[in-house]
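# An overview of the molecular structure
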Amino acid sequence: GALVYQYPRRTICKSGTSMRMECQAVGFQATSVAWYRQSPQKTFELIALSTVNSAIKYEQNFTQEKFPISHPNLSFSSMTVLNAYLEDRGLYLCGARGLTEVFFGKGTRLTVV
Amino acid sequence: GQQVQQSPASLVLQEGENAELQCNFSSTATQLQWFYQRPGGSLVSLLYNPSGTKHTGRLTSTTVTKERRSSLHISSSQITDSGTYFCAMEGAGGADRLTFGKGTQLIIQP
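The following refers to the structure shown. None of these values were measured; they are calculated from a predicted model. (Residues numbered from 1 in each chain as written. Chains lettered and ligands numbered in written order. Predicted model: local features only at pLDDT ≥ 70, side-chain atom pairs only at ≥ 80, totals over all residues. Heavy atoms only, no water.)

### A short note on the overall build of chain A
Scanning chain A from N- to C-terminus turns up 0 helices and 11 strands. Ordering the α and β elements of chain A from the N terminus gives β-β-β-β-β-β-β-β-β-β-β. Once the C-alpha set of chain A is aligned to its principal axes, its extents read approximately 40 × 25 × 25 Å. A separation threshold of at least 6 residues defines the contact pool for chain A, and within that pool the share at least 24 residues apart is 53%. Surface exposure of chain A reaches about 5700 Å², of which carbon and sulfur atoms provide 51%. (Helix = DSSP H or I, 4+ residues; strand = E, 2+ residues; numbered from the N terminus. Contact = heavy atoms within 4.5 Å. Areas by Shrake-Rupley, 256 points an atom, 1.4 Å probe, with all protein chains shown as cover.)

### Section: the sheet that holds strand S7 (residues 69–70) of chain A
All names here are of chain A. With respect to topology, 4 strands assemble into an open sheet ordered S1-S3-S8-S7, the strand pairing being antiparallel. What marks the edges here is a single partner per strand, and that holds for strand S1 (3–7) and S7. Pairing of strand S3 (residues 19–26) with strand S8 (residues 76–81) involves 6 bridges; the strand directions are antiparallel. When the sheet's bridge partners are listed, Cys 23 is paired in S8 with Ser 77. (Pairing = 2+ DSSP bridges.)

### Section: the side chain of Thr 63 of chain B
Residue and element names in this part refer to chain B. In this structure, Thr 63 sits in strand S7 (residues 59–64). For Thr 63, a relative accessible area of 5% corresponds to the buried category. Side-chain polar atoms of Thr 63 contact the backbone oxygen of Asn 49, separated by 2.8 Å. Excluding anything up to four places from it in sequence, Thr 63 contacts Phe 25, Leu 32, Asn 49, Pro 50, Ser 51, Gly 52, Arg 69 and Ser 70. (Buried < 20%, exposed > 50% of the residue type's maximum accessible area, 1.4 Å probe, protein only. Polar contact = N/O pair within 3.5 Å; in protein donor to acceptor, adjacent residues only side chain to side chain.)

### Let's talk about a nonpolar patch on the surface
Residues and elements named next belong to chain A. Where nonpolar side chains cluster on the molecular surface, the patch consists of Leu 3, Tyr 5, Tyr 7 and Val 26 and spans about 340 Å² of accessible area. By residue number, the principal contributor to the nonpolar patch is S1, which donates 3 residues. Among the structural elements, Tyr 7 can be located in strand S1. Accessibility expressed as a relative area gives 33% for Tyr 7, which makes it partly exposed. (Patch = residues over 30% accessible without salt bridge, like charges linked within 9 Å, V, L, I, M, F, W, Y side chains within 5 Å. Salt bridge = Lys/Arg side-chain N within 4 Å of Asp/Glu carboxyl O.)

### Some words on the nonpolar core
Trp 35, Ile 47, Met 79, Val 81 and Tyr 92 of chain A are the most contacted members of the largest nonpolar core, which totals 23 residues. When residues of this core are traced back to their parent elements, those giving at least two are S3, strand S4 (32–38), strand S5 (44–51), S8, strand S9 (90–97) and strand S11 (108–112) of chain A. A total of 4 residues in this core trace back to one element, the largest contributor, which is S3 of chain A. For Ile 47 of chain A, the residues in contact, after removing those within four places along its chain, are Trp 35, Tyr 36, Arg 37, Lys 57, Tyr 58, Glu 59, Phe 62, Phe 67, Met 79 and Tyr 92 of chain A. Formed by 20 residues, the second largest nonpolar core is a distinct cluster that contains Leu 11, Ala 29, Leu 32 and Trp 34 of chain B. (Core = buried A, V, L, I, M, F, W, Y, C linked by side-chain atoms within 4.5 Å.)

As far as function goes, none of this settles anything; it's purely spatial.
As C-alpha cells, then:
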C-alpha cells in the first residue's frame, strides 16, 4: 500500500537554530509533495508545493530562505526550518499525492525553546 | 481564496450512536478527501470522494458537487473513533493545493 514516512517524529531545538525534516513516499510514485504546518489551534497552512518537473512554489508568508526544500526525486523530500523561533512551532506534515489521493506522513512536531 | 467550513465543531456521542459530519466549501471541488487525526497527530486518509457516495467499513461519504458540500457518516460509533476529522478540498485550478477545514472533534463516550 501507499505509505509516507516522515522523520523525525518530534524535535526540540533552541531558538535561532535550524532543524531538518524528511519525507519519503513508499509504495507509489508521488506526483507532488506538499509541506503543511498545523498550528497549535489545529489550522493547516500550506508552506510549499513541489511538483515533478516544476519549481517549488512557496505560499504567501513562507519563503525559500526560511524553509528551503529539497525534492531530488519522486519519492523523497526534505525541508529545513532555518533560525527557528517560537512562532515556528507546530506539527509539520508532508503530503504526497498519488494518482488522485494525498497521503500524509505522521508529521514532525517542532518545539522551540 | 477557497474556504472550507466544517460542522459541528465538536460532537459528543454515546458509543453505538451514529455520527454525521458536514463539510461545505466555497468553490467547486475537483478533489475532496476526509482525514482522521489521532490525538498523537498522525493524519490518516479515510475517503477520497470528489463526487457521489463512497463506503468503507462503517464510513460513508456523500459529496454533492454542485451544492458544494460533503458529509461523512460514521455508523455504530466506537470509542476508538474519537479524534478530529478534517475535510480537505482542491478547487478547479487548485494545482494540487489542499484547503483544510478546521475539523470536527468527535468524542465517543462509553
